[in-house]
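What the coordinates show
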Amino acid sequence: MNEYKLEWISEDVSMEYVQELVSRLNKATEQEKNAYQLLESARKIYDSIQNDMTLEIYDNALDWYMYWADSVDDIITEIELAGGVID
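Structural notes, computed from the coordinates. (Residues numbered from 1 in each chain as written. Predicted model: local features only at pLDDT ≥ 70, side-chain atom pairs only at ≥ 80, totals over all residues. Heavy atoms only, no water.)

**A closer look at the nonpolar core**
So the rule is basically this: Note on terminology: a nonpolar core comprises buried Ala, Val, Leu, Ile, Met, Phe, Trp, Tyr and Cys residues joined through side-chain atoms within 4.5 Å. Relative accessibility under 20% of the residue-type maximum defines a buried residue, over 50% an exposed one, and the middle range a partly exposed one, all with a 1.4 Å probe and only protein chains included. To qualify as a helix, a DSSP run of H or I must reach at least 4 residues; to qualify as a strand, a run of E must reach at least 2; elements of each kind are numbered from the N terminus.
By size, the foremost hydrophobic cluster in this structure holds 16 residues, and its most contacted members are L25, A28, Y65, V72, I75, I76 and I79. Taken together, the elements giving at least two residues each to this core come down to α1 (15–48) and α2 (52–81). Here this core takes eight residues from α2, the largest share from any one element.

Here is the structure:
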């Protein structure tokens, strides 16, 4: 997935809060990566055996991946609102 470079332009943010945000971002990106790998596996299974069950597995994997991708986006937005800049 992505690797982020983080800078803080605000001095009004505690180091503890910055560490919490970075920790949450790291955990969420790891979950996003795992969900993407699951999605890729589900896609391959569905490509080889197309039926209702494998489609449901693929749909569930896609939902799980989208959940974590949205979570990463939400944390990035929170970081930016707190004065962080992410490249």
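From this point, things continue past the structure.
**A look at the packing of aromatic side chains**
To be explicit about the condition: Side-chain rings of Phe, Tyr and Trp, where Trp is taken by its six-membered ring, are said to pair if the distance between their centres is within 6.5 Å; with planes under 30 degrees apart they count as stacked, over 60 as edge-to-face, and otherwise as tilted.
Counted according to the given criterion, the structure contains four aromatic pairs. Geometrically, the ring pair formed by W64 and Y67 is stacked, given 5.7 Å between the ring centres and 10 degrees between the ring planes. Of the two residues, W64 and Y67 are both situated in helix α2; the distance of three residues between them amounts to about one turn of the helix. Judged by its relative accessible area of 40%, W64 falls in the partly exposed class. Among the aromatic side chains, those forming a connected cluster through ring pairs are W64, Y67 and W68.

**As for the pattern of salt bridges**
How we decide: For this analysis, a salt bridge means a side-chain nitrogen from Lys or Arg found within 4 Å of a carboxyl oxygen belonging to Asp or Glu.
Tallying each qualifying case throughout the model produces five salt bridges. Among the ionic pairs, E7 bridges to K5, the shortest N-O distance being 3.8 Å. For E7, a relative accessible area of 40% translates into the label partly exposed. Among the salt bridges present, the one from E20 reaches R24, with a minimum N-O distance of 3.6 Å. Within this pair, E20 and its partner R24 are both found in helix α1, separated by four residues, close to a single helical turn. By relative accessible area, E20 is classed as partly exposed at 40%. Overall, the relative accessible area of 30% leaves R24 in the partly exposed class. Taken together, the shared-partner salt bridges connect E20, R24 and E78 into one network.

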